[in-house]
Every structure is written in C-alpha cells, then in structure tokens.
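Observations on the model geometry
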Amino acid sequence: MPCLEWLDPGTEERGWWEEEKKEGGVKWMQLEHRGPYFVPLYEPLPEDVQFYYDGKPFKLSLATEEIATFYAKMLDHEYTTKEVFQNNFFHDWRKEMTSEEQEIIKDLDKCDFREIHKYFVDKNEARKALPKEEKQKLKEEADKIQEEYGYCIMDGHREKIGNFKTEPPGLFRGRGEHPKMGMLKKRIMPEDVIINCSRDSKIPEPPEGHRWKEVRFDNTVTWLASWTENIQNTLKYIMLNPSSKLKGEKDWQKYEVARRLKDVVHTIRAQYRRDWKSKEIKKRQRAVALYFIDKLALRAGNEKEEGETADTVGCCSLRVEHIQLHPQLDGQEHVVEFDFLGKDSIRYYNKVSVEKQVFKNLQLFMKNKDPTEDLFDQLSTNFLNRHLQHLMDGLTAKVFRTYNASITLQEQLKALTNPEDNVAGKLLSYNRANRAVAILCNHQRSIPKTFARSMQVLQEKIDAKKKQVEEAQEELKKAEEEFKDKSDAKAEDNVEKKKKLLKRLEEQLAKLNIQATDKEENKQIALGTSKLNYLDPRISVACKCPVLLHLQLGTKQLELPEGREVLGQGRVLRHQRGLCRNRRFVPVEEDHQEVLQHLPTPQLPPGPGHLHLLLLPKLPVQPERVPGAPAGSPVRCWGSHSMRFFSFLMEGNGP
DNA sequence: GGGTAGACTTGAACCGATCCTC
DNA sequence: GAGGATCGGTTCAAGTCTACCC
C-alpha cells in the first residue's frame, strides 16, 4: 500500500476556497453583531468586610476599594510576593485614590487586604456549594448572554465569536520578569470601543447613556470591535471563534503554504549553506539564522522595545550571552549550547552539534562583542522575511516551524505506529509522535500540581494488577493440574475460564503500564499547542500506518453530507463498550472511510486493511443555519482546530 | 531599507464541566 | 453520590508579519 505523503503536491482540481476568494483583501460582504458584552460594574464590599491600614479599619472610596479588591483577590498568588508587582500596583493604586486617601495610605506594607481576600474566597466556595437548581439558573443566565452576544452574522451565516466580552479591569499579569506586572488594567467603556460592521446591517446599540468611540464599516479586516488597552498601549480585538469559516480557511491556507515549502526547501537549504561562505557578513548572518530556524524550529525573534516587556528573545534577537560554543562536548564536535528565554519567558535550553562552517561563523559573529550585544547584529526579521518571500511566495520564518512540526509528526507516526497494536498502544504511539513535535517546538508546561499523587495512584493500581495477574497464573496452574487428574468437561471448562481471566488481566496490566509511560513522558510537555496550531490534520489521516484522526467536536454541531453518518459519539460509545473499550475511540470500518475521502488532498488509499480511529468525544447537535440563507450554502461545523478544518472540507465537497 | 501601527496567530494558565473511581 | 482527575474551552499575554510612512 503506497504511503500518502502529506507533502506530495496534490493533483486536485481548483477548490472552492480558491473560487470563493474575495478580491482586494475583502474579508466579508455582510457583518452584523450586537457589539461587545460589557462586564458588570463593580459591586461594593459588604459593610462588615474591611480594609485595614496600619492595623486599623479604613473605609475606602468606591474606586479605591475596587482596585484594592484586585490585589486582595491575588493574595495567594506568587505575583503579590514580587517587588515589581507590588510597586507597580501601589503606584497605580495611589493615582486613583482621593487626596485624603493619598495622605494616609503611603506604605503598602501597612495595608491589610486579608479580610477582603477571605471574603472572595468564601464567596467562591459558596458559589461552588450552591444547590443544583441555583447553579442551573446561573448557567442559563450565562447561556442567554452567550446566545445574545456570542454570535454574529457573517455573509449569511451565524458564526461564533471568540471573545465577545470586554476584558475586565484588574492588575496586569505579565509573564516572566515583566516590568509592568501589577499595573492597573482599566475598565473598558463603550466610549473606548470601535465597532466594525457592515453599513447596511443593524448597527449595535451602545449601553444606555453611552456612545461608541467610532463605528466603522471596514470589510478588509476580520475584527468586530476593538479598543486600546492602557498597559502597553496596544490594540485589542473582538474576533471570530477559531471554528469560523474565516479562521478555518486561514488555517488551511497556512498548511498549504507549509506544504509548498516542501518543494523548495532543498533549494533553500542549499542556498543558505552557500551563503555561510558569503563575503557579506549580513548574508552570512542571515544564512546561519535561517539554519537555526529550520533545524531547531526557533521563532523569528522580532526586536522589542527595551524595558517595555520581559527580556525574551527569538532567533534574530539572540545575544552573545545566549550561546556558548564548545569545539568538543560529550563526544560531539562543534556543539552550540543555547540558553535563553523565549516567548512567554519559557526557557530554551539545547545543546546542538552544528556544521563546522556554522560554528566558524558563530565564532566570527561573537568576536570582540560584549555578552549583551546582538549575535546577529546586522540582521532583522524584516530583512530575513523579505529574502524568504523572494524564495517562495508566502514564505516567512514561521512557516518553517509549521513545516518542520508537521513533517516530524508524519515521520514519527510512520516510524512509531504498529498496525498490530491495540487502541492503547496506538494512542501511545500517536502521543509520542505528537510529543516529538512539542519537544521540537519547545512547548512546555509546568508540572501539574497533582502529578506526583496521581502517578502514585496509578503505580498502586499497577502493583495491585500485577498481584492479580500472579494470582490468576497460580489459579490457572491449579486448574490445569486438576484437569490432568480428572480430565472431565467441567475441569476443562475451568481451565478455559482461568485462561480468559488471565488474558484479560494481562491486557489490563499492559494498558496501565502504557498509561504510566505516557503520563511520565508527558509530565512537562504540552501537546495542545502543536495539535492546535502546527499539525496539519490531514497527516493524521494520510499516513500509511493506522492513524488517529483527531476530530474534536466539542459540544457543537456537525452535519454530514446526505447519505453519510456520524461515525460515533460519546454517548453512543458508552453503550458500545463491548465493541470498543475506550470511551473516546471508535474503529472506523471500510464504509466510513468514505467520509475521510472528503479530504481534498491527499485522498485516502482505497482497499482494506486500514483501521482508522476517530476521536469524537461529544454529541453533535443540530446544525444552525441562518434563516433566509441561500439554499446549498455551506454547512458549518463547530469545534476546535481539527474539526474546524474538517468542517470546511465538508463544505467544499458536501451536497 | 528602517521604523512602526495595526492585524492577526500562537501560547500557557486558568477554570468549569464532565468523567471515573470508590 | 462524593470527590478527585481529566478534558476542553476560555482568557488574555506575547509573539509574527504586513502595509505604509519616510
């Protein structure tokens, strides 16, 4: 059976996504929505909950009190132990105080927020302990808001909005050593908000007594509303949910660009290798940087304003202090040791053996420089991307990350999956392939707080199961001896029974062991980001080996073209345990592959012998169409990334 | 070609709902 | 049915990249 290469150029005909392409950067023809949902105004603390200054109760003005509650709520967070956070908070808080308050409240150490903190903790507990009916009532209220504000109409379709609420006021939580952490994030008012919609739509009403900053009719952008936040003075947007057609198409285009890179990557690699010896230092720097971006999946590394954000870097902004050169290390030659903080202040630490010419270049770039100077001092991401654009239309530094992530998944799936494995084994292989990508992209997570405990519980289960297996082995032995003595049908039956039991227990033990391995290997690695942003879902379908097609339906909807059925769903599966012991997976039989064949490229191979596993965690509900939408308009499916992708594929090939 | 505002994607942390086990 | 674990969605910070200015 030939393997379907994700990256082989497809021979498919022109698709609907090309036909529907709008001219001149136009993103939509019709956009109607309710505007953002504004978070409720501040509710004052009860009289008996007090703030104390220097040991004495102190009644704060309403505005001052509100900001005090922001700090009080965070008392058990590490942030409030940081000096920068405390200083920024106190500075901003004092600015909002009345002159009387300013006169008295001069020292944060004398402020006691504990009673306020306790009030919110208790309130939270009380909310959790609410009777079922009360909780249901709250949920219904939230659902009503979601219904009302959470959707818009775009080109005749009801689309889910990603973030329809304005961000609530609070204290800024920058990541890492952010110089602005603790600063006051101000409340967003309608007067701060720019609305974007179509001219002929029903323009959203601002809350009573208010007006919008501006109403715009710009269909070359995708946002519905925007405002400028006060911490970094940057724009924030209200945009569509990733499940929307607009985002889905963009996602698909991203993977198409990555697939195109496959055809030219060898030429590009050959060129940057030549450029390592260029007479122009600038070119050499570009070539070495590109090598790192390609080989190590580093981010581009735009320049950042000093003192405005945490000190993090990417490839082009690496400084001399971030690498160490070792002519020899651990039996390898020309080793570069990277140690720097990347996006979100996540540490990147890696020792890599590089080509001799790269090593020599790095020595040259570092010569006579201070540790704090730029390694690639003549290079900018702009310069690099312009060069890449010249090599391939649409190529930028980040495409290499997508490309390398996806091709790593494909290669690892091929290498790791064993068609003979059971579901647990296949899942382990899939996770391992996914993990290889996460490691490449340096997607880390903090070890879950409950990790040690849950690992211990799992180990206890394994030990107990081992004991059961041993006992079952003993019992089988006994039964066999009994059968030897008696040789009757009952004894024979008993042997068979004991054999079955032993087999079942051994399988359970194997499954537990796999689970433990998976869990341990995944301790500090976050799989979600790569699954969501870097892995072309078609790869999960198109590999030669049995695959897991990760379709995340969420609680949302799916309508398959007529004549095709939903492959499985959470609730059904629970009744099908005999058929498939794993709650979340259902083996897809031959006839179901028809659905998979709706992937535009590459097509699935015909013929038996392929077991595809679909992940369909939740029950699909009826699809929604906007009343009056033209007949045959695309069916939309909602869910996260993979499903999003699936959804527009269905549209293109649907009825 | 450098600088920058604006638009959009990527990312880890958080949190509520659901699931699983006892 | 309680309680803990896990899942999946949400949040909002922090990146990338383009268009446009000079």
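Conventions adopted
- Residues numbered from 1 in each chain as written.
- Chains lettered and ligands numbered in written order.
- Predicted model: local features only at pLDDT ≥ 70, side-chain atom pairs only at ≥ 80, totals over all residues.
- Heavy atoms only, no water.
- Axes fitted to C-alpha atoms, helices over the stretch in contact; angles between N-to-C directions.
- Helix = DSSP H or I, 4+ residues; strand = E, 2+ residues; numbered from the N terminus.
- Parallel < 35°, antiparallel > 145°, perpendicular 65-115°, else oblique.
- Contact = heavy atoms within 4.5 Å.
- Nonpolar A, V, L, I, M, F, W, Y, C, P; charged D, E, K, R; others polar.
- UniProt positions renumbered as here; feature names shortened; annotations may be inferred.
- Polar contact = N/O pair within 3.5 Å; in protein donor to acceptor, adjacent residues only side chain to side chain.
- Salt bridge = Lys/Arg side-chain N within 4 Å of Asp/Glu carboxyl O.
- Buried < 20%, exposed > 50% of the residue type's maximum accessible area, 1.4 Å probe, protein only.
- Pairing = 2+ DSSP bridges.
- Near = heavy atom within 4 Å.
- Disulfide = S-S within 2.5 Å.
- Phe/Tyr/Trp six-rings, centres within 6.5 Å; stacked < 30°, edge-to-face > 60°.
- Lys NZ or Arg CZ within 6 Å of the ring centre and 35° of its normal.
- Patch = residues over 30% accessible without salt bridge, like charges linked within 9 Å, V, L, I, M, F, W, Y side chains within 5 Å.
- Areas by Shrake-Rupley, 256 points an atom, 1.4 Å probe, with all protein chains shown as cover.
- Lys, Arg positive; Asp, Glu negative; His and termini not counted.
- Charge placed at Lys NZ, Arg CZ, Asp CG, Glu CD.
- Core = buried A, V, L, I, M, F, W, Y, C linked by side-chain atoms within 4.5 Å.
- pLDDT = per-residue confidence, 0-100.
- Expected span 1.5 Å × (residues − 1).

A few words on the packing of helix H7 (residues 245-275) against helix H11 (residues 397-416). In the contact formed by H7 and H11, the axes pass within 9 Å of each other and the chain directions differ by 95 degrees. Considering the angle they form, H7 stands roughly perpendicular to H11. Two secondary-structure elements touch here, H7 through Lys254, Tyr255, Val257, Ala258, Leu261, Lys262, Val265, Ile268 and Arg269 and H11 through Val399, Phe400, Thr402, Tyr403, Asn404 and Ser406. Of the residues in the contact of H7 with H11, the class split is nine nonpolar, three polar and three charged.

Turning our eyes to something else, we now look at the UniProt feature "active site" (unreviewed entry) in chain A. When the UniProt feature table is mapped onto this chain numbering, "active site" (unreviewed entry) sits at Tyr534. Looking at where Tyr534 falls in the secondary structure, it is placed in the loop between helix H15 (528-533) and helix H16 (537-542). In terms of polar contacts, Tyr534 uses its side chain to reach the side chain of Arg401, at 2.9 Å.

Next up on the list: the pattern of salt bridges. Enumeration according to the criterion identifies 28 salt bridges in this entry. The closest approach of N and O atoms between Arg259 and Glu256, which form a salt bridge, is 3.1 Å. You can see Arg259 and its partner Glu256 sitting in helix H7, three residues apart, about one turn around the helix. Judged by its relative accessible area of 6%, Arg259 falls in the buried class. Owing to a relative accessible area of 16%, Glu256 belongs among the buried residues under this scheme.

An order of E13-E14-E15 is seen for the three strands of this open sheet, with the pairing classed as antiparallel. The strands lining the two open edges of the sheet, one partner per strand, are strand E13 (323-329) and strand E15 (347-353). The sheet shows a mean angle of 15 degrees between the axes of neighbouring strands, taken without regard to direction. Sitting on the sheet, helix H8 (residues 281-296) is in contact with strand E14 (332-341) and E15, with an inclination near 100 degrees to E15. Its contacts with the sheet place helix H9 (residues 356-366) against E13 and E14, and it is angled at close to 135 degrees to E13.

Quick look at the protein's contact with DNA strand C now. In the neighbourhood of DNA strand C, 36 residues make up the surrounding shell, with Arg175, Lys236, Gly301, Lys398 and Lys519 lying closest. Near-protein atoms of DNA strand C (within 4 Å) split between backbone and bases, with sugar and phosphate holding 89%. Between Gly301 and DNA strand C, the recorded distance is 2.6 Å, taken from a backbone N or O atom to a phosphate oxygen. Elements with a minimum of two residues in the surface near DNA strand C: helix H10 (381-391), H11 and helix H13 (451-486). The biggest single contributor to the surface near DNA strand C is H10, with three residues. For the surface near DNA strand C, the per-class residue count stands at five nonpolar, 16 polar and 15 charged.

On to the state of the cysteines. For the structure on display, the rule yields zero disulfides. In this model Cys315 remains outside any disulfide bridge; the closest cysteine sulfur is found in Cys316, 5.2 Å from its own.

Here we come to the side chain of Asn88. Its location among the elements puts Asn88 in helix H3 (residues 83-96). Classification of Asn88 as buried rests on a relative accessible area of 17%. In this structure Asn88 touches Pro179, Lys180, Met181, Gly182 and Met183, once residues within four positions along its chain are discounted.

Attention now goes to unusual backbone geometry. Trans is the prevailing form of peptide bonds, just as negative phi is the prevailing case for residues other than glycine. One non-glycine residue, Asp155, adopts positive backbone phi at about 45 degrees. Topologically, Asp155 is positioned in the loop between strand E5 (151-154) and strand E6 (157-160). Accessibility expressed as a relative area gives 30% for Asp155, which makes it partly exposed. Its identity is not glycine, yet Asn442 carries a phi of approximately 60 degrees, on the positive side. By the secondary structure assignment, Asn442 is in the loop between helix H12 (423-440) and H13.

On to the packing of aromatic side chains. Inspection of the entire model under this criterion finds 23 aromatic pairs. Taking the centre distance of 6.2 Å and the plane angle of 35 degrees together, the rings of Tyr71 and Phe85 count as tilted. With a gap of 14 residues between them, Tyr71 in helix H2 (residues 62-73) and Phe85 in helix H3 connect regions that are remote in the sequence. The class for Tyr71 is buried, based on a relative accessible area of 5%. The class for Phe85 is buried, based on a relative accessible area of 0%. A cation sits over an aromatic face here: Arg34 above Tyr149, 4.8 Å from the ring centre. Sitting over the ring of Tyr151, Arg158 keeps its end group 4.0 Å from the ring centre.

The next subject is a negative patch on the surface. A cluster of acidic side chains, namely Glu303, Asp370, Glu373 and Asp374, defines a negative patch on the protein surface. Positionally, Glu373 belongs in the loop between H9 and H10.

Taken in spatial order, the four strands of this open sheet run E10-E9-E11-E12, and their pairing is mixed. Either end of the sheet is taken by a strand with one partner, and the two such strands are strand E10 (214-216) and strand E12 (235-238). Across the sheet, the mean angle from the axis of one strand to that of its neighbour is 20 degrees, orientation sign disregarded. Here strand E11 (residues 225-228) runs beside E12; their pairing, made up of four bridges, is antiparallel. Bridge assignment links Thr228 to a residue of E12, and that residue is Leu235.

Turning our attention to the nonpolar core. One recurring pattern in soluble globular proteins is that nonpolar side chains are buried together. Within the largest apolar cluster, 45 residues are counted, with the highest numbers of intra-cluster contacts made by Leu261, Phe292, Phe338, Leu362, Phe376 and Phe400. Of all the secondary structure elements, the ones that give two or more residues to this core are H7, H8, E14, E15, H9, H10 and H11. Top contributing element to this core by residue count: H8, with eight residues. Non-local contacts of Leu261, meaning those with residues more than four positions away in its chain, are made with Ile268, Met392, Leu395, Val399, Phe400 and Tyr403. If you look at the next biggest cluster of nonpolar residues, it comprises 28 residues, including Phe51, Leu60, Trp93 and Leu184.

The next point concerns the confidence of the model for chain A. As a general rule, the predicted coordinates of low-pLDDT regions are not to be interpreted in detail. Taken over all residues, the pLDDT of chain A has a mean of 77, while the share at 70 or more is 78%. Within the model, the stretch residues 1-20 combines pLDDT values under 50 with 50 contacts to residues more than four positions away or in other chains. Across residues 543-655 the pLDDT falls below 50, and counting only partners more than four positions away or on other chains, this stretch makes 237 contacts in the model.

In this section: a nonpolar patch on the surface. Where nonpolar side chains cluster on the molecular surface, the patch consists of Ile203, Val215 and Phe217 and spans about 190 Å² of accessible area. On the basis of relative accessibility, which here comes to 33%, the residue Ile203 falls in the partly exposed class.

The end-to-end C-alpha distance of H13 is 52 Å, a good match for the 52 Å that 36 residues give at a rise of 1.5 Å each. Along H13, the residues classified as buried are Phe451, Met455, Leu458, Ile462, Lys465, Val469, Ala472, Leu476 and Ala479. For H13, the elements touching its buried residues are helix H14 (489-521). Looking at the residues trailing H13, positive phi occurs at Ser487, about 55 degrees.

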